[in-house]
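Okay, here's what each chain looks like letter by letter:
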Amino acid sequence: QVQLVESGGGLVQPGGSLRLSCAVSGKIFSINAMGWYRQAPGKQRELVAAITSGGSTNYAESMKGRFTISRDNAKSTVYLQMNSLKPEDTAVYYCYASVKYNSGRFFYDNWGQGTQVTVSS
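In this report, we go over the structure that sits alongside the text. As the structure is a prediction and not an experimental result, all values here were calculated from the model.

1. Structural notes on the side chain of Thr77
Argument step 1. Topologically, Thr77 is positioned in strand β8 (residues 77-82).
Argument step 2. Overall, the relative accessible area of 8% leaves Thr77 in the buried class.

Here it is as structure tokens:
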């Protein structure tokens with residue numbers, strides 16, 4: 001069983017910053033991609049950013065230049081630094097990790113429980 005525990009959400013004023021963390025624990029042989037999605041009320045879940053085990057990153061267009069994803073492979077943790085936050089960034093942010101449980105071929109996506117980010121004055 002794999003657990004993803006997110007932290008760092010909260011209330012911030014427009015223009016402010018937050019740093020989200022997501023630690024992966026449990027039965028892990030290796031982790032491939034890790035990343036963040038978000039879901040605002042009444043909207044579909046959307047990709048925020050992703051990072052491979054080698055450090056290659058991918059961002060949604062509206063997050064480029066404001067958000068930075070990083071990971072610490074030794075700690076099985078992924079981070080999301082969010083700067084210049086806007087009210088439209090308000091959402092529940094979910095982390096995910098593509099995990100291999102053993103030496104087999106397949107990776108499986110695992111999700112965190114979500115952390116609320118609210119950007120408001």
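Don't stop here, the text continues.
2. Details of unusual backbone geometry
Residues other than glycine predominantly adopt negative phi, and peptide bonds predominantly adopt the trans conformation.
Argument step 1. The backbone phi angle of Ser76 is positive, close to 50°, even though this residue is not glycine.
Argument step 2. Structurally, the position occupied by Ser76 is in the loop between β7 (67-72) and β8.
Argument step 3. With a relative accessible area of 16%, Ser76 lands in the buried category.
Argument step 4. For Ser84, which is not glycine, the phi dihedral falls at a positive 50°.
Argument step 5. Mapped onto the secondary structure, Ser84 falls in the loop between β8 and β9 (91-100).
Argument step 6. Given the relative accessible area of 41%, Ser84 is considered partly exposed.

3. Structural notes on the pattern of salt bridges
Close approach of charged atoms lets side chains of opposite charge pair.
Argument step 1. If you walk through the whole model with that rule in mind, you get four salt bridges.
Argument step 2. Put simply, Glu46 and Arg38 hold a salt bridge, and the shortest N to O gap is 2.7 Å.
Argument step 3. On the basis of relative accessibility, which here comes to 34%, the residue Glu46 falls in the partly exposed class.
Argument step 4. Given the relative accessible area of 7%, Arg38 is considered buried.
Argument step 5. Residue Arg66 pairs with Asp89 through a salt bridge whose shortest N-O separation is 2.7 Å. Of this pair, Arg66 sits in the loop between β6 (57-59) and β7 while Asp89 is found in the loop between β8 and β9, placing the two residues 23 residues apart along the sequence. Here Arg66 and Asp89 have matching classes, each one buried.
Argument step 6. Where salt bridges share partners, they join Arg38, Glu46, Arg66 and Asp89 into one cluster.

4. Re the sheet that holds β8
Argument step 1. Here four strands make up an open sheet; going across it, the order is β1-β3-β8-β7 and the pairing antiparallel. Across the chains shown, the open sheet's two edge strands, defined by having one partner strand only, are β1 (2-7) and β7. Strand-to-strand twist across the sheet, computed as the mean angle between neighbouring axes with direction ignored, equals 15°.
Argument step 2. Pairing analysis gives six bridges linking β7 to β8, with the strands arranged antiparallel. Bridging from a neighbouring strand, Ile69 pairs with Leu80 of β8.

5. Description of the environment of Tyr59
Argument step 1. Its location among the elements puts Tyr59 in strand β6.
Argument step 2. Tyr59 sits 14 residues away from Arg45 along the chain, and the two C-alpha atoms are 14 Å apart.
Argument step 3. Ignoring sequence-local partners within four residues, the contact set of Tyr59 consists of Val48, Ala49, Lys64, Phe67, Thr68 and Ile69.
Argument step 4. Within the local environment of Tyr59, its side chain forms a polar contact with the backbone nitrogen of Ile69, the two atoms lying 2.9 Å apart.

Definitions and cut-offs
Residues numbered from 1 in each chain as written. Predicted model: local features only at pLDDT ≥ 70, side-chain atom pairs only at ≥ 80, totals over all residues. Heavy atoms only, no water. Helix = DSSP H or I, 4+ residues; strand = E, 2+ residues; numbered from the N terminus. Buried < 20%, exposed > 50% of the residue type's maximum accessible area, 1.4 Å probe, protein only. Salt bridge = Lys/Arg side-chain N within 4 Å of Asp/Glu carboxyl O. Pairing = 2+ DSSP bridges. Axes fitted to C-alpha atoms, helices over the stretch in contact; angles between N-to-C directions. Contact = heavy atoms within 4.5 Å. Polar contact = N/O pair within 3.5 Å; in protein donor to acceptor, adjacent residues only side chain to side chain.

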